[in-house]
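One-letter residues, chain by chain:
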Amino acid sequence: MNPIALLLLAFAMSTDAFAAAIGKGATLKKPGLTEAFRIGLIFGSIEAIAPLAGWLIGKSASGYVDAWDHWIAFSLLATLGLYMIYEGTRLDEGGGEQETQKSLLRICLTAFSTSIDAMAVGVSLALIDINIWIAAALIGLATTLMVTIGIMLGHAIGLIIGHRAEIFGGLTLIAVGTWILYGHL
């Protein structure tokens, strides 16, 4: 695979994480660049590990992963999205305020949900002559960058839409999950 194609693949793998990060950023009260970068690193690390795991799976069970990856991603993202919508409606009822920080578990679950397609790509990469370590590193770096930007952009959107940011974030996650599912059907 030529270097330009590999770089494009890396950024393509990070687009769903970018969309999810916009939703996450919209719900954060005051994410500084350090917080956005921390979340970006979590997403990027998980996104870099996913193609490595997929590559290993590709050596043995590629048909199973290809058949179910989109359903797993959709289910996880839809569940997280519905939970965020529920939390957003509770904010309306209770007059609460935006979260100042997301829990590590929720960040990791969202990152895992958006990285399932990278695992499937790893399965595909097992079938061609490519250095999986370079591919995984580029995917992780692109995701870190895109998520950091997405968090900051999402925060700006959250300032505009106010306390409904959690609902916006949930709808974004459901849309990303639906997009992944639709792209594989």
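Residues numbered from 1 in each chain as written. Predicted model: local features only at pLDDT ≥ 70, side-chain atom pairs only at ≥ 80, totals over all residues. Heavy atoms only, no water.

Novice: What is the right way to look at the overall build of the protein chain in this model?
Specialist: Along the backbone of the protein chain there are seven helices and zero strands. When the elements of the protein chain are put in sequence order from the N terminus, they spell out α-α-α-α-α-α-α. Going through the 185 residues of the protein chain one by one, you find that 49% of them count as buried. For the protein chain, the accessible surface area stands at approximately 9000 Å², while carbon and sulfur atoms represent 73% of it. (Helix = DSSP H or I, 4+ residues; strand = E, 2+ residues; numbered from the N terminus. Buried < 20%, exposed > 50% of the residue type's maximum accessible area, 1.4 Å probe, protein only. Areas by Shrake-Rupley, 256 points an atom, 1.4 Å probe, with all protein chains shown as cover.)

Novice: Would you explain the pattern of salt bridges in this entry?
Specialist: Once their charged atoms are close, side chains differing in charge can pair, the charge on each being opposite to the other. The full count for this structure, using the stated rule, is one salt bridge. The salt bridge partner of Arg-38 is Glu-35, with a shortest N-O separation of 3.0 Å. A residue pair is termed a helical-turn pair when its members lie 3 or 4 positions apart in one helix, as Arg-38 and Glu-35 do in helix α3 (residues 33-58) at three residues. Assessed through its relative accessible area of 28%, Arg-38 is described here as partly exposed. (Salt bridge = Lys/Arg side-chain N within 4 Å of Asp/Glu carboxyl O.)

Novice: How should I be thinking about the confidence of the model for the protein chain in this particular structure?
Specialist: One rule of thumb: low pLDDT means the predicted coordinates there are not for detailed reading. Per-residue pLDDT for the protein chain has a mean of 81; in total, 88% of the residues score no lower than 70. Segment residues 94-101: pLDDT under 50, and 21 contacts once partners within four positions in sequence are set aside and those in other chains are kept. (pLDDT = per-residue confidence, 0-100. Contact = heavy atoms within 4.5 Å.)

Novice: When you look at the nonpolar core in this model, what are you seeing that I'm missing?
Specialist: Note on soluble globular proteins: their nonpolar side chains tend to be buried together. Within the largest apolar cluster, 16 residues are counted, with the highest numbers of intra-cluster contacts made by Leu-6, Leu-9, Met-13, Val-121, Leu-125, Ile-130 and Ala-135. Of all the elements in the fold, those that place two or more residues in this core are α1 (3-13), α3, α5 (104-125) and α6 (132-161). Broken down by element, this core gets its largest block of residues, five residues, from α6. (Core = buried A, V, L, I, M, F, W, Y, C linked by side-chain atoms within 4.5 Å.)

Novice: Where do I start with the packing of α3 against α6 in this structure?
Specialist: To characterise two packed helices, one gives the angle between the axes of the helices and the distance between these axes. Put simply, α3 and α6 touch, their axes get as near as 7 Å, and they point 150° apart. In this view, α3 runs roughly antiparallel relative to α6, as classed from their interaxial angle. As for the relative orientation of α3 and α6, their crossing is right-handed in sense. Of the residues contributing to the contact of α3 with α6, the split by class is 17 nonpolar, six polar and one charged. (Axes fitted to C-alpha atoms, helices over the stretch in contact; angles between N-to-C directions. Parallel < 35°, antiparallel > 145°, perpendicular 65-115°, else oblique. Left-handed = near helix turned anticlockwise from the far one by under 90°. Nonpolar A, V, L, I, M, F, W, Y, C, P; charged D, E, K, R; others polar.)

Novice: Before we go on, may I ask you to explain the environment of Ile-157 in this structure?
Specialist: One can find Ile-157 in helix α6. Separated by 11 residues in the primary sequence, Ile-157 and Phe-168 have C-alpha atoms spaced 9.5 Å apart. If near-sequence neighbours (up to four positions away) are discounted, Ile-157 is found in contact with Ile-22 and Phe-168.

Novice: Where do I start with a nonpolar patch on the surface in this structure?
Specialist: The grouping of Trp-68, Trp-71, Ile-72, Phe-112 and Leu-185 at the surface amounts to a nonpolar patch, some 540 Å² of accessible area in total. With three residues, helix α4 (residues 62-94) is the single largest residue contributor to the nonpolar patch. Within the secondary structure, Trp-68 is located in helix α4. (Patch = residues over 30% accessible without salt bridge, like charges linked within 9 Å, V, L, I, M, F, W, Y side chains within 5 Å.)

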